[in-house]
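Descriptive analysis of the structure
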Amino acid sequence: MSGGNSSKNKARSSKRQEGWEEAGGEFYQELYPGGEQELFENLQRADAAKLATLLPSKQARNTTTVKRGRSQNERRQSTFARNTQSRDIHLSMLPDLSENLSNEERSWEEIMQIKAMPVPMAQKRELKARLQNATKLRLQGFEQLQWRQRKVWHRFRTRLAEVLGKLELWQSPMRVIEGKFGTGVVCYFLFLRWLLFLNIAISMFIVLFLILPNTLLKENCEDCESLDYNSTLCCPERSGNVTSNNVVLDLIQGTGWMEGTLLFYGVYSDKIFEYSLPNLWGAEMVYNMPLAYILVPIAWALLSLVAIVKTGAKGFKERLVENEGQFYLYCNLVFGGWDFCVHNAKSAKIKHKALFNEIKGCLQEERYKEEKQSRTREGTILLHLRRVVINIFVLVILVVSGVVIYMTFNFSTSSLYEYTENLPTLRPNDSFADTLVSYKDDNTDNQIRSTLLQFLPYVCIVVLNLFVPEIFGYLITYESYKPRHVILITLLRTVLLRLASFVVLLSQVYMQTSGLLDSGDHAVRLECWETFVGQQFYKLILTDFAVQFIMTFFLNFPRAFLGRHSNSRCLKTIGTQNFYLPKHVLDIVYIQTIIWMGAFFCPFLPIIGTIFYFFLFYIKKFNCLINCTPSPIVYRASKSKSLFMSVLLVGFVMSIAPVAYSIAEMSPSLNCGPYKSYGTVWYFVITTFNLFPPVVREVVFLMGTSTFAVPAFAIALFFLYYYWAVATANRHMVAVLRNQLVLEGHDKQFLLNRLSAFIRQHQKRCERRNRASFADDDSSVRQGS
Amino acid sequence: MGQGKSQFSEEELQDYEDLTYFTKKEVLYAHQKFKALAPEKVGHNKNAKLPMAKILQYPELRVNPFRDRICKVFSSSNDGDCTFEDFLDMMSVFSDTAPKAVKAEHAFRIFDFDGDDMIGVSDLREVINRLCGPEHKLTDSEIQQLVQNVLEEADLDDDGALSFAEFEHIIDKSSDFCHSFRIRL
């Protein structure tokens, strides 16, 4: 919590306290209008035990909810309106609002605030009419204008919200999902939609600054210097290889004619396009393609980072606030447990069950904690031993899957080599992948085989990603972690698996590209290693998408169908599937990771990704609504949101790092792409930077020197310390206030007890006196007679 | 939703727009939904009072464990029967745009079964029982434990019940409440 915020809160709370006091005073005055004597008599009549309910804080709670910045009058009126038992009487007692004249703007504001009041519509309407009819000051001149503006702005905002609400993508599917699965799962679909929009934004960058200029300006370029066409294209002789029967294979492999399209790095020009508009200004427009090619990835990387951090920060803040009140676990469960949006009877039943389980789980956890303390030493050692063994086992699985990927990759490349080795001649301009396809036995079988071989590593990765998490999920049941940690740990392991497979693949690609570049023999083959890398990612994303599609429609759907329509118990257990959120989150984060990693080498990837995400929504929706039954685990919306974002952030860092490395360290291909003549891509950036005006250069250099960096670092540290100190102080303050509140509560209890005792005593005394006076009367009467 | 054949005058709609968290179109849409519960009755009188059983036909309410409480809280006659205006009030509070404080206020009243302006032990027990549904029963000691935990967390003044201030305090810190206390129109 930042300092400013808390001080505001404090101010508000103090104001609220004042409000209470005020309201309390009023309350007593209203209830006992005759001053102290009457108060006393009232207290006499009051039931001592019920005194607590008369307390102002219990009675006048409405003063705390209805907008705080209101005048006393209104506050009293809303307090009255709250008392449901005798609403009608109170209504007639409503204070006359017109007594304090307000201006138009204020009364409008007040009308806008009526909606927050917990009274029925008829009363609201009456209030509104009252406010409207009350005599009020007309605003003059500038104020009038301002108020009008405010009103128009308000109206505009509501209209805009309405229109935007209508335009919102996938509104009705979300509602259906929400009704059946609750808010936690909807959060996942919102996340999917968020990723779709992110990719649309990235694609916009790429289309606007890379693809359009390259297509529009290149023709121009080739017209004027057609001799130099060699430099603009990576593989200019590609057309010779394309035959009609391998178009489809090329399409899914990204080879052949695909290589010559804008899909891949190699095609982008290293030219600085000059475009003159003699008609307009006679000026020359310059478009520096290589610069654009490096700036666009930087731009979208920053955009993604900002978007993730911004969205994540919101969730993080919520988490922090929640963590501060870790003690509210049970309250949340009880008061926020039910999703009011659930409207499906079956889901409601499952929701009941889920909540039941959650409550049981929480209570068990507490017992578990107690158990832990009372656990014997042998038991603890045994448990830890079991966990260590299982962790080692998990590690072994990870390593094994890495090795499997490595072997399949090696196998596929080496068998592909055999094809290429058989080639009698190699045209020097062909790229590696191109040669694979160009090897024509006039035999499609061979081509398909080579395609299969090429896809083998990716299929292997995807299959591993499908089955190993199941093993993890099975293993974790033996580790007896806390229920809350189970999801986290499984997720972590699965992320590790996915990353491991990525790392192996990347290192393989790296070894291949750099190895081939180094050894003189194959140097000719990989003309354009960036394109080759881009192809790998292209294939990976295609495979992943295909597997998602096949899994959903051809595996899970029949499973669900079987489970639903057969009576055998065995089939039913096979058939029923839960919508296991972490797994599905990983699926889409994985695709995003591929996109980030590959977008530099294959600029079309974000666009492909956008399309995939669009279809993926429907695939996942089908999977969710048709194949799955609601999960018996309660997914909390707020928690899952921040979880998604943190996983995505990990994915982002992991995917940007290798790309950054390749930009900074690896030498680009000599014969293709925008950076032919540079040692590294980054070197190009430096040379461009050197062309900047000296002032800019000076400034940037200054930033790098210690004279700037050290003070900046110190200031940053200082701020960090400051905020840390404020946060600690606030936390301390919260604890103090809490204690104070508790003490106040005790004080109140104490006073109430004393008061009721006093009243009882007083009542007794009165009775005695009455009896005495009665006796007196009696005696006097007797005397008189 | 044709504006032409709507049963409301422009002023009424304006009133509703000002007094709820809905726009005019949403008000009309809400009325359609309301009408769908009892087409004939509402067709005659747009503000007809529908008995609670009819209101509970509304899909979200039908499965809600607190359905009767919701109706009672929003009913202007306090017996659970709702007119369209009551229904509109209800939907307005449950809408996305309603602020947390308003939702908290109504949630408090919904959870306050005995109407003593405090959520006491008996209220909490009732809430827990309803949450778990008719088929799953927690044992008495479990409920006892849970109630005790809740009170430990939230009952700051140790009087064995949650006052509204305490309840609001919980809701302020719960980020899930706003997500879950919501019915889309």
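- Under an unreviewed UniProt entry, chain B has the name EF-hand domain-containing protein and belongs to Parnassius mnemosyne.

- As recorded in an unreviewed UniProt entry, chain A goes by TMC domain-containing protein and comes from Parnassius mnemosyne.

Quick notes on the overall build of chain B
- Counting secondary structure elements, chain B contains twelve helices and zero strands.
- Going from the N terminus to the C terminus, chain B shows its helices and strands as α-α-α-α-α-α-α-α-α-α-α-α.
- Taking the principal axes of its C-alpha atoms as reference, chain B extends roughly 60 × 30 × 25 Å.
- Taken across its 185 residues, chain B has 61% of its residues classed as buried.
- Counting only contacts in chain B whose residues sit at least 6 apart along the sequence, the fraction spanning at least 24 positions is 56%.
- When the accessible area of chain B is evaluated, it comes to approximately 6800 Å², of which 48% is carbon and sulfur surface.
- Distance from the positive charge centre (22 side chains) to the negative charge centre (36 side chains) of chain B: 10 Å.

A closer look at helix H24 (residues 581-598) of chain A
- With 18 residues, H24 of chain A extends 26 Å from end C-alpha to end C-alpha; this agrees with the ideal 26 Å at 1.5 Å per step.
- Of all 18 residues in H24 of chain A, 17 are buried, a share of seventy percent or more.

Side note on the side chain of Arg-182 of chain B
- Mapped onto the elements of the fold, Arg-182 of chain B is located in the segment after helix H12 (176-180).
- Side-chain polar atoms of Arg-182 of chain B contact the side chain of Asp-96 of chain B, separated by 3.1 Å.
- Not counting chain neighbours up to four residues away, the residues in contact with Arg-182 of chain B comprise Glu-178, Thr-183, Phe-340 and Cys-341 of chain A together with Phe-94, Asp-96 and Lys-103 of chain B.

Focus: the packing of aromatic side chains
- Summed over all chains, the structure comprises 42 aromatic pairs over all chains.
- Ring geometry for Trp-170 of chain A against Phe-617 of chain A: centres 3.7 Å apart, planes inclined by 0 degrees, an arrangement best described as stacked. With Trp-170 of chain A in the loop between helix H9 (141-167) and helix H10 (171-181) and Phe-617 of chain A in helix H25 (residues 605-627), the pair connects residues that are 447 residues apart, well separated along the chain.
- Put simply, the rings of Phe-335 and Phe-340 of chain A together with Phe-66, Phe-74, Phe-94, Phe-108, Phe-111, Phe-164, Phe-167, Phe-177 and Phe-181 of chain B touch in pairs and so form one group of aromatic residues.

Remarks on the UniProt feature "domain: EF-hand" (unreviewed entry) in chain B
Residue and element names in this part refer to chain B.
- The UniProt feature table records "domain: EF-hand" (unreviewed entry) at residues 99-134 and 142-177.
- Measuring from the first to the last C-alpha atom of residues 99-134 gives 32 Å, for a span that is 67% helix and 0% strand.
- Secondary structure content for residues 142-177 is 69% helix and 0% strand, and the end C-alpha separation is 24 Å.

Conventions we followed
Residues numbered from 1 in each chain as written. Chains lettered and ligands numbered in written order. Predicted model: local features only at pLDDT ≥ 70, side-chain atom pairs only at ≥ 80, totals over all residues. Heavy atoms only, no water. Helix = DSSP H or I, 4+ residues; strand = E, 2+ residues; numbered from the N terminus. Buried < 20%, exposed > 50% of the residue type's maximum accessible area, 1.4 Å probe, protein only. Contact = heavy atoms within 4.5 Å. Areas by Shrake-Rupley, 256 points an atom, 1.4 Å probe, with all protein chains shown as cover. Lys, Arg positive; Asp, Glu negative; His and termini not counted. Charge placed at Lys NZ, Arg CZ, Asp CG, Glu CD. Expected span 1.5 Å × (residues − 1). Polar contact = N/O pair within 3.5 Å; in protein donor to acceptor, adjacent residues only side chain to side chain. Phe/Tyr/Trp six-rings, centres within 6.5 Å; stacked < 30°, edge-to-face > 60°. UniProt positions renumbered as here; feature names shortened; annotations may be inferred.

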